[in-house]
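Spelled out from the first residue to the last, the chains are:
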Amino acid sequence: MTEGSGGRIGVGMVGHAFMGAVHSHAWRTAHRFFDLPVTPELAVLGGRDLARTKAAAAKFGWTSVQTDWRELVNSPDVQIVDICTPGDTHCEIAIAALAAGKHVMCEKPLANTVEEAEAMTAAAEAAKERGVRSMVAFNYRRVPAVAYARKLIEAGRLGEIRHVRALYLQDWLSDENAPMTWRLRKETAGSGALGDLGAHIVDATQYLVGDLLSGVSAITNTFVTKRPDESGEQVDDVTVDDAAVFIGRFGNGALATYEATRFALGRKNGMSVEINGSLGSLKFEFESMNELWFFDGANGAEEAGFRRILVTEDTHPYVGAWWPPGHLLGYEHTFTHEVVDFVRAIHTGIDPAPSFADGLQVQRVLGAVESSAANGSAWTEIQA
Ligand code: SOE
């Protein structure tokens, strides 16, 4: 079954922390603002602890709960499985859901290793033959200003792309007494700032440029190697990177620099991208996410300068479904847009993007960054 009956499509979501909260909001909101072919129903919320899952379901608007994700995946009320759990569970849940004929939306990074991402992609490709769709939740593609930047680049307004500069800066680990979380353990998170933040800017820049990285050279560091565990009674080892810095080359020759860190004191969610081409440049900063800065080289020298485009016109991507010009959008809207695109793709049978294959390619970039860093920053090609 690829769609629910009676104009509804049942969603089963596994996980109810930060990503679960923002995805719940998206599933609740999408059909109220966008015309959707079917209405998502928040059917089953999955979590390990019954009491906490029930509390989350009541808060976020889910009809029922399930503590066994296998039951959730096989429930007849569920046609879409949304995976919002730590990375170590993505592979098993996604493959089981696809095998059960359920469409799958999976949080980023797709997996903890390239091998897992390969297995998930193979399962997704096989399921596609049966009309089953899958998508990785790289939400920053769905910021209207980022989607509009893509349109400008696609239309050739930047000419030949030469430079890509991307940062993703947070500071929540600057305090060396901040406690351990699953995000700081390799077995649950796969990697640290690299997979959590670096994955976003790798995806966003490849999407914007319309081309893929062909190789990288990297350095990483773990500044604080031991932290109090969750109980506060013991000290535990941090087994992932705290920061990753790398350079890369795109297939088209563009040169790129990337920085991902959780130690940039004062920077909360500082995701930013600058792209320079032969005809113009673009700058985007997530903390001012309704703005896009455009330098159009076609303007004469006297009038040249970066121009702020407020991306809130109803002709801009996604914006027409929301508020009048100048009435700004926020972080949560990017997830609503993701849900809208996914539900429409399921209905029309068009492959949603980014696909699991796209997620695998990002995973290969992350893998190349890790192996370069482990090998004295050696230049490391990315498998096509
Ligand atoms: C935590 O670092 C985090 O929540 C990421 O996991 C998200 O993907 C990002 O959007 C915000 O920061």
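Residues numbered from 1 in each chain as written. Predicted model: local features only at pLDDT ≥ 70, side-chain atom pairs only at ≥ 80, totals over all residues.

Looking at an unreviewed UniProt entry, the protein chain carries the name Putative dehydrogenase, with the source organism given as Actinophytocola algeriensis.

Reading across the sheet, the six strands line up as 3-2-1-4-5-6 and stay open at both edges, with parallel pairing between neighbours. The sheet is open, and its two edges are formed by strand 3 (64-66) and strand 6 (134-137), each paired on a single side. Within this sheet the neighbouring strands show an average axis-to-axis angle of 25°, counted without direction. Across three bridges, strand 2 (residues 39-46) lies against strand 3 in parallel orientation. Looking at strand 3, one finds that Val44 is bridged to Ser64. (Pairing = 2+ DSSP bridges. Helix = DSSP H or I, 4+ residues; strand = E, 2+ residues; numbered from the N terminus. Axes fitted to C-alpha atoms, helices over the stretch in contact; angles between N-to-C directions.)

Okay, the UniProt feature "domain: Gfo/Idh/MocA-like oxidoreductase N-terminal" (unreviewed entry) in the protein chain next. Residues annotated by UniProt as "domain: Gfo/Idh/MocA-like oxidoreductase N-terminal" (unreviewed entry) correspond here to residues 9-129. Secondary structure over residues 9-129 splits into 48% helix and 21% strand, and the C-alpha atoms at its two ends are 20 Å apart. (UniProt positions renumbered as here; feature names shortened; annotations may be inferred.)

As a further point, take the domain arrangement of the protein chain. Taken domain by domain, the protein chain consists of domain 1 (5-140) and domain 2 (141-334 + 363-374). Each of domain 1 and domain 2 has a C-alpha centre, and the two are 25 Å apart. Taken together, the contact between domain 1 and domain 2 spans 18 residues of the former and 23 residues of the latter. Going through the elements one at a time, helix 1 (18-33) and helix 5 (114-128) are the ones with two or more residues in the side of domain 1 that touches domain 2. The dominant element in the side of domain 1 that touches domain 2, judged by the number of residues it contributes, is helix 1, at three residues. (Domains from an automatic or database assignment. Contact = placed C-beta atoms within 7 Å.)

The side chains of a regular strand alternate between both faces of the sheet. The alternating pattern of strand 4 (residues 80-83) places Ile80 and Asp82 and Val81 and Ile83 on opposite faces, both of which are buried. Where strand 1 (residues 8-14) lies against strand 4, four bridges are found, and the strand directions are parallel. When the sheet's bridge partners are listed, Val11 is paired in strand 4 with Ile80. Sheet analysis places strand 4 next to strand 5 (residues 103-107), joined by four bridges and oriented parallel. From the neighbouring strand, Asp82 faces strand 5, where its bridge partner is Met105. Each parallel crossover has a hand, and the one from strand 4 via helix 4 (residues 90-99) to strand 5 is right-handed. (Buried ≥ 20, exposed ≤ 12 C-beta atoms within 10 Å, placed from the backbone. Right-handed = clockwise from strand over helix to strand, strands pointing away.)

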